[in-house]
Amino acid sequence: LTSHPLWADIRKVTKEQMHYASLGVGEGAWQLFAEEGDMKMYRREEELNGLVIDPLKACHIVKGVTGREMCHYFFSPQYRKDWETTLEQMTVVEKISDDALIFHQVHKRIWPTAQRDALFWSHMTHITDPNDHDAHDIWAVVNNSTQLPKFPTKNGKCVRVTLTVCLYCQTLITPPKDGTAVSRDDITCKITYCSVVNPGGWVPASALRAVYKREYPKFLKRFTAYVLSQTKNEPILF
Ligand SMILES: O=S(=O)(CCO)c1ccc(-c2ccc(C3CCCC3)c([C@@H]3C[C@@H]3c3ccccn3)c2)cc1
C-alpha cells in the first residue's frame, strides 16, 4: 500500500541513494582499499562521535546476469541465508508491499566486537536510465535503518547498528551480430554497492577497519558467485 506511513521516507531515501550510487567514484575522495579482478572497493575514512562509520563504495562487473536478477537475489528473504555468512537470524518483520519489506537481522558476533542487530526497510525498484541509449532499466535495492516499538534499540542483547545500503545495477547488452537471440554471454551487469554502517557502539577503529577489509570483499564475491550459480541455467530475467 503506498499509504503506508514509511512510503514517503522510502521514496525519498531510495531516490537519494540511487543518485549517490550513480555518481560512481568520480566524486569525493575515495580511497581504493581492495581490488580483486573486476571488483574494486573504495572507502572514505570517517568517524562520528569517535565511531568509525567509513562509507564504502564497491564497483564490480559481472558477466552473464542482469541487474534485475542481482537485485532479486539480494532483496528476497528466502535466499539470504545462502549468501550472507555473517547472519545468525533474519526475520521479515513487516511486508509493506511486494517490493518493500522490513527486516530484523542478528549478525554473528565478530571478535572483538559485541553482537550486533539491524532493523531496516528494504525496497527494490527500477528506473529507465535517462542517458542509456539501449534503454535498459537500472535496478536497485535500498536498505535503510528504521525504528519500531516492537524492536527497541536498547534490548540488552545486541548493539543496534544503523545502516544505509544501496545495490545499484546497470545491465549492458551486446546483441549478437547474426541476429540470434541474446544469450547470457551477451549480458554484463555493472554493480555499484554503497554502504554506510554505524556500529552503534564503540569498536576500536583498527579492529573495525580490519573487519570491514575482510568482510566486504568476501560478502560481495560470495553474493555475486551465488547469483551466477542460481541463474546459470535459468531463462534471462531482464
Ligand atoms: O548489505 S546488507 O544490507 C545485506 C543484508 O544483510 C548489510 C551489509 C552489512 C551489514 C553489517 C552489519 C554489521 C556490521 C558490523 C558492525 C560492527 C560489527 C559487525 C557490518 C560490518 C562491516 C562488516 C560486514 C560487512 C559485510 C558483511 C557483514 N559484515 C556489516 C548489514 C547489512
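Look up a bit, the structure's there.
Now for a quick tour of the structure. (Residues numbered from 1 in each chain as written. Predicted model: local features only at pLDDT ≥ 70, side-chain atom pairs only at ≥ 80, totals over all residues. Heavy atoms only, no water.)

### Section: the side chain of Asn 143
With respect to the helices and strands, Asn 143 occurs in strand β9 (residues 137-145). The class of Asn 143 is buried, set by a relative accessible area of 5%. Of the polar contacts made by the side chain of Asn 143, one reaches the side chain of Ser 122; its length is 2.6 Å. In contact with Asn 143, not counting residues within four places along its chain, are Phe 74, Phe 120, Trp 121, Ser 122, Leu 163, Thr 164 and Val 165. (Helix = DSSP H or I, 4+ residues; strand = E, 2+ residues; numbered from the N terminus. Buried < 20%, exposed > 50% of the residue type's maximum accessible area, 1.4 Å probe, protein only. Polar contact = N/O pair within 3.5 Å; in protein donor to acceptor, adjacent residues only side chain to side chain. Contact = heavy atoms within 4.5 Å.)

### Some points on the pattern of salt bridges
For side chains bearing opposite charge, pairing can occur when the charged atoms are close. Applying the stated criterion across every chain, the model contains 13 salt bridges. Of the charged contacts, one joins Arg 43 and Glu 45 as a salt bridge, the two residues approaching to 3.2 Å between their closest N and O atoms. As a salt-bridge pair, Glu 69 and Arg 184 come within 2.7 Å of each other at their nearest N and O atoms. Placement of the pair is Glu 69 in helix α2 (residues 67-75) and Arg 184 in the loop between β11 (162-173) and β12 (187-198), with a sequence separation of 115 residues. Accessibility classification places Glu 69 together with Arg 184 in one group, the buried group. Connected via shared salt-bridge partners are Arg 43, Glu 45, Glu 47, Asp 54 and Arg 209. (Salt bridge = Lys/Arg side-chain N within 4 Å of Asp/Glu carboxyl O.)

### Observations concerning helix α1 (residues 7-22)
The end-to-end C-alpha distance of α1 is 22 Å, a good match for the 22 Å that 16 residues give at a rise of 1.5 Å each. Residue Gly 24 follows α1 closely and has a positive phi angle near 60 degrees. (Expected span 1.5 Å × (residues − 1).)

### Thoughts on the nonpolar core
Membership of the largest hydrophobic core comes to 42 residues, with the highest contact counts inside it found for Met 41, Met 70, Phe 74, Leu 167, Tyr 193, Tyr 216 and Phe 223. Residue contributions to this core peak at 9 residues, all from helix α4 (residues 205-231). Setting aside anything within four residues of it in sequence, one finds Phe 223 in contact with Met 70, Tyr 73, Phe 74, Trp 83 and Leu 167. By size, the runner-up hydrophobic cluster in this structure holds 18 residues, among which are Val 93, Ile 102, Ile 138 and Cys 166. (Core = buried A, V, L, I, M, F, W, Y, C linked by side-chain atoms within 4.5 Å.)

### As for the packing of aromatic side chains
Enumeration according to the criterion identifies 12 aromatic pairs in this entry. Where Trp 83 meets Phe 219, the ring centres are 5.9 Å apart and the plane angle is 45 degrees; that geometry is what we call tilted. Within this pair, whereas Trp 83 is found in helix α3 (residues 77-83), its partner Phe 219 is found in helix α4, the two being separated by 136 residues in sequence. Given a relative accessible area of 14%, Phe 219 falls into the buried group. Each ring, one from Tyr 193 and one from Tyr 216, has its centre 6.2 Å from the other, and the planes form 50 degrees; the classification is tilted. Taken together, the residues Tyr 193 in strand β12 and Tyr 216 in helix α4 connect sequence positions 23 residues apart. (Phe/Tyr/Trp six-rings, centres within 6.5 Å; stacked < 30°, edge-to-face > 60°.)

### Observations concerning the site of the ligand
Around the ligand, a shell composed of 18 residues is seen, among which Glu 84, Gln 105, Asn 143, Tyr 193 and Tyr 212 lie nearest. In the model, an oxygen atom of the ligand is placed 2.6 Å from a nitrogen or oxygen of the Glu 84 side chain. Here an oxygen atom of the ligand sits 2.9 Å away from a polar atom, N or O, in the side chain of Gln 105. Bound to the protein, the ligand loses 99% of the 640 Å² it would expose on its own. Those elements that place two or more of their residues in the shell around the ligand are β7 (100-107), β11 and α4. Element by element, the count of residues in the shell around the ligand is highest for α4, at 6 residues. Counted by class, the shell around the ligand contains 10 nonpolar, 5 polar and 3 charged residues. (Near = heavy atom within 4 Å. Areas by Shrake-Rupley, 256 points an atom, 1.4 Å probe, with all protein chains shown as cover. Nonpolar A, V, L, I, M, F, W, Y, C, P; charged D, E, K, R; others polar.)

### Topic: the layout of surface pockets
When its volume is computed, the largest pocket comes out at roughly 220 Å³. Contributing to the lining of the largest pocket are 13 residues, with Cys 59, His 60, Lys 190, Ile 191 and Thr 192 lying nearest its centre. Elements supplying a minimum of two residues to the lining of the largest pocket: α1, β5 (56-63), β11 and β12. Looking at the lining of the largest pocket, its residues break down into 5 nonpolar, 5 polar and 3 charged. (1 Å grid on protein atoms, 1.4 Å probe; cavity = no way out; pocket = protein on both sides within 12 Å on 5 of 7 lines; lining within 4 Å. Points joined across faces, edges and corners; volume = space filled by probe spheres on them.)

### A short note on the packing of α2 against α4
Packed helix pairs are specified by the crossing angle of their axes together with the interaxial distance, meaning the distance between the axes. Two elements in contact, α2 and α4, have axes separated by 10 Å at closest approach and are oriented at 110 degrees. When the interaxial angle is binned, α2 and α4 end up roughly perpendicular. Every pair of crossing elements has a handedness; the one defined by α2 and α4 is right-handed. Contacts from Glu 69, Met 70, Tyr 73 and Phe 74 in α2 reach Phe 219, Phe 223, Thr 224, Tyr 226, Val 227, Gln 230 and Thr 231 in α4. Each residue belonging to the contact of α2 with α4 can be placed in one class, and the counts come to 7 nonpolar, 3 polar and 1 charged. (Axes fitted to C-alpha atoms, helices over the stretch in contact; angles between N-to-C directions. Parallel < 35°, antiparallel > 145°, perpendicular 65-115°, else oblique. Left-handed = near helix turned anticlockwise from the far one by under 90°.)

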